[in-house]
Amino acid sequence: MAKMLLDFEKPVVELENRIAEIKNYTGEKGIDLGVEIEILEKRALDLKKEIYQNLTPWQRTQLARHVERPNALDYIRMLFTDWLALSGDRFFGDDPAIVGGIGKFEGIPVTVIGQVKGHNTKENLARNFGMTHPEGFRKCLRLVQQAAKFHRPVISFIDTPGAYSGIDAEEGGQAWAIASNLRAFAQVKTPVISVINGEGGSGGAMALGVGDALLMLENAIFSVISPEGCAAILWKDASKAPEAAEAMKMTASELLRLGLIDGIVPEPLGGAHRDPQGSAGALRQELRQVLQALQQVDPETLVELRWKRLRSIGSSK
Amino acid sequence: MVGSDYMFKDLFRKPQRYITVRSDAMPQEKGTLWIKCPECGEILYARELEKNLNVCRKCSHHFRLSAPERLAITLDEDSFLELDADLDTVDPLSFPEYKDKLARAQEATGLQDAILTGAGAILGWPVLVGAFEPHFIMGSMGSVVGEKITRLAERAIEKKLPLLLFSASGGARMQEGVFSLMQMAKTCAAIARLNEAGILYISVLTDPTTGGVTASFATLGDIIIAEPGALIGFAGRRVTEQTLKEKLPPDFQTAEFCLKHGLIDLVAPRQDMKPTLARILSLHSDNIERVDN
Ligand SMILES: [Zn+2]
């Protein structure tokens, strides 16, 4: 059961709690309330459908940022075997906001890189709230180049409010690190699949998003600036974030319609955090399909197709 | 390779359009006789200031230049041929107030979008050149800016000519959402292809170069030059201050800060920019012929 409840989640969770109580009670007392329970469960399902199929962009933003939402480490645990975590950028440090390593996806060795937020304050402090430092981007670059050497496909998980903005990050060339990734990923001769599993915040998200397929989880978001930041600029009022979320077209379905992403991974009703296994299962299916398709293409062609795809975005003629 | 069959005018498939680059003062300062230096407070006579390349004679503060002004002081007289001037800026997200904002920016700057691109020569050396217009929605990069830079890079590859970009931008254009983010990726991919083709790319960072422009093509130059005192960084100063809740060092995110931290090759005062660029071009001049100047 979720510990942190969003407003629109409350009716569902309350109903589910009541069902659980009744079941518990009838079990203890040996009373048969099967029909009643069935009716209540049906009502809970209808309620969920009604709420989750009509989420506003702002509600999705809240789901995308939900502290219990499965992060890259959770997906790694659920989707990859023989996991070997690798550290460091070989220049300066190891960024705890970026996890990287090698594992097997359905028997195939793959390199995984991912931005990681924590599930509580302690974890978030340790992982800098998922805000990547220059050394994190450089670690990604190193691991992607290593993957290319061994013709290993790369899967990236994107989940960040944005690249870290601080004195040390600027001194370390934050912008340079992001730009280098964008340039290198464009030409790396191995399949690259990017998955926005939570919050795709600005250039820091884009830095892990250049590849052959860009997927988004159903309730993930992807935007050039946070809705709060956008509202502050547009209307000098950060509390108008819900309107900004609407204006920026930052949900998976809107971005797919605009041709900016390649696919949507469905989430279980109620969102990924209510059923991480179910969410991982859907992602597994999607990754399997995309990976199989990309592995048919020779690396040179792959890079050329990747360029054509990027080249066409925002070209007016 | 370009050698004997190289013809400067051969660059242009479309009807040629020579632009006389104007060196008007910045839009908001048009018609003003006297300008106060924001750095030292000195009152400067506008025409004197312009003659001094818009650098304060007292404290050397480098005033921001419009794109036409930048090209006028950089390129040989009458050498500039504008390219891709006809790209229309669209509003792909139907974003609030964007169309009005665009119309106002076009009116104020006389430009279609935040960059002017074309071919020109510097002390006789041919280049494909782009200059940002910082007064056009903060010089932000949306689809048209990304497309024009990409086309310029493609032409540089095709013609085997150096690429020179002057950045002056607040970053990705918010009003075009993820389309703008994708221009970061697209321009970087274009530079990757330029590198494969062995084409020189000089990036000049001028005040201000921040956000999604710094985090893309602008920091990928073979040689990166900055103007003195220019604001150069990833995150906006205010964002950083809010994040850290502390005052920042005075030289934070300046050209000099970047030089100190090994992020750029040199800081060149505006008076030295043209000869510096010419020298770099001459040092990479194998197979490139000088044009008459
Ligand atoms: Zn001054």
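Here is what the cut-offs are and how they apply
- Residues numbered from 1 in each chain as written.
- Chains lettered and ligands numbered in written order.
- Predicted model: local features only at pLDDT ≥ 70, side-chain atom pairs only at ≥ 80, totals over all residues.
- Heavy atoms only, no water.
- Patch = residues over 30% accessible without salt bridge, like charges linked within 9 Å, V, L, I, M, F, W, Y side chains within 5 Å.
- Areas by Shrake-Rupley, 256 points an atom, 1.4 Å probe, with all protein chains shown as cover.
- Salt bridge = Lys/Arg side-chain N within 4 Å of Asp/Glu carboxyl O.
- Lys, Arg positive; Asp, Glu negative; His and termini not counted.
- Charge placed at Lys NZ, Arg CZ, Asp CG, Glu CD.
- Helix = DSSP H or I, 4+ residues; strand = E, 2+ residues; numbered from the N terminus.
- Buried < 20%, exposed > 50% of the residue type's maximum accessible area, 1.4 Å probe, protein only.
- Contact = heavy atoms within 4.5 Å.
- Donors = N, O, S within 2.8 Å, 3.2 Å for Na, K, Ca; no water.
- Expected span 1.5 Å × (residues − 1).
- Arc of directions from axis to C-beta.
- Axes fitted to C-alpha atoms, helices over the stretch in contact; angles between N-to-C directions.
- Parallel < 35°, antiparallel > 145°, perpendicular 65-115°, else oblique.
- Nonpolar A, V, L, I, M, F, W, Y, C, P; charged D, E, K, R; others polar.

(A) Up close: a positive patch on the surface. A contiguous patch of positive charge on the surface is contributed by Lys 236 of chain A together with Lys 101, Arg 104 and Arg 238 of chain B. Along the chain, the position of Lys 236 of chain A falls in the loop between helix 10 (227-235) and helix 11 (241-247). The class for Lys 236 of chain A is exposed, based on a relative accessible area of 71%.

(B) How the structure looks around the pattern of salt bridges. Throughout the structure, instances matching the rule amount to 34 salt bridges over all chains. With a shortest N-O distance of 3.8 Å, Lys 159 of chain B and Glu 158 of chain B are connected by a salt bridge. For Glu 158 of chain B, a relative accessible area of 43% corresponds to the partly exposed category. Overlapping salt bridges, with partners in common, bring together Arg 311 of chain A together with Asp 84, Glu 147, Arg 151, Glu 154, Arg 155 and Lys 186 of chain B in one network.

(C) Just the environment of Leu 65 of chain B, in detail. All names here are of chain B. On the secondary structure map, Leu 65 appears in the loop between helix 1 (46-51) and helix 2 (67-74). Of the residues examined, Leu 65 reaches a relative accessible area of 5% and is grouped as buried. What Leu 65 contacts, discounting residues up to four positions off in sequence, is Leu 53, Asn 54, Arg 70, Ile 73, Pro 134, His 135 and Arg 270.

(D) Representation of a nonpolar patch on the surface in the model. All names here are of chain B. A cluster of nonpolar side chains, namely Leu 33, Trp 34, Ile 43 and Tyr 45, defines an oily patch on the protein surface of about 420 Å² accessible area. Structurally, the position occupied by Trp 34 is in strand 1 (residues 34-36). Overall, the relative accessible area of 52% leaves Trp 34 in the exposed class.

(E) Seen up close, the coordination of the zinc ion. All names here are of chain B. The coordination sphere of the zinc ion, as far as protein atoms go, consists of Cys 37 (SG), Cys 40 (SG), Cys 56 (SG) and Cys 59 (SG), spread over 2.2 to 2.4 Å. All donors of the zinc ion belong to a single chain; written as a sequence motif, their spacing is C-x2-C-x15-C-x2-C. The buried category is assigned to Cys 56, whose relative accessible area is 1%. Its relative accessible area of 29% is what places Cys 59 among the partly exposed residues.

(F) Fine view of helix 2 (residues 34-52) of chain A. Residues and elements named next belong to chain A. Between its first and last C-alpha atoms helix 2 spans 27 Å; for 19 residues at 1.5 Å apiece the expected length is 27 Å, and the two agree. Here helix 2 has its buried residues at Ile 37, Leu 40, Ala 44, Lys 48, Ile 51 and Tyr 52. Buried positions in helix 2, seen along its axis, are confined to an arc of 85° and lie on one side of it. Exposed and oriented more than 90 degrees from the buried face of helix 2 are Val 35, Glu 38, Ile 39, Lys 42 and Glu 50. Here the buried face of helix 2 lies against helix 1 (10-29) and helix 3 (57-64).

(G) Structural view of the environment of His 151 of chain A. Looking at where His 151 of chain A falls in the secondary structure, it is placed in the loop between helix 6 (134-149) and strand 4 (154-160). His 151 of chain A sits 42 residues away from Pro 109 of chain A along the chain, and the two C-alpha atoms are 9.6 Å apart.

(H) Structural view of the packing of helix 4 (residues 72-79) of chain A against helix 13 (residues 276-295) of chain A. All names here are of chain A. Packing of helix 4 against helix 13 leaves a shortest axis separation of 10 Å and a crossing angle of 70°. Between helix 4 and helix 13, the crossing angle belongs to the class labelled roughly perpendicular. Seen from helix 4, the contacting residues are Tyr 75, Met 78 and Leu 79; seen from helix 13, they are Pro 276, Gln 277, Ser 279, Ala 280, Leu 283, Arg 284 and Leu 287. Partitioning the contact of helix 4 with helix 13 into residue classes produces seven nonpolar, two polar and one charged.

Bear in mind that shape data such as this cannot, by itself, settle questions of function.
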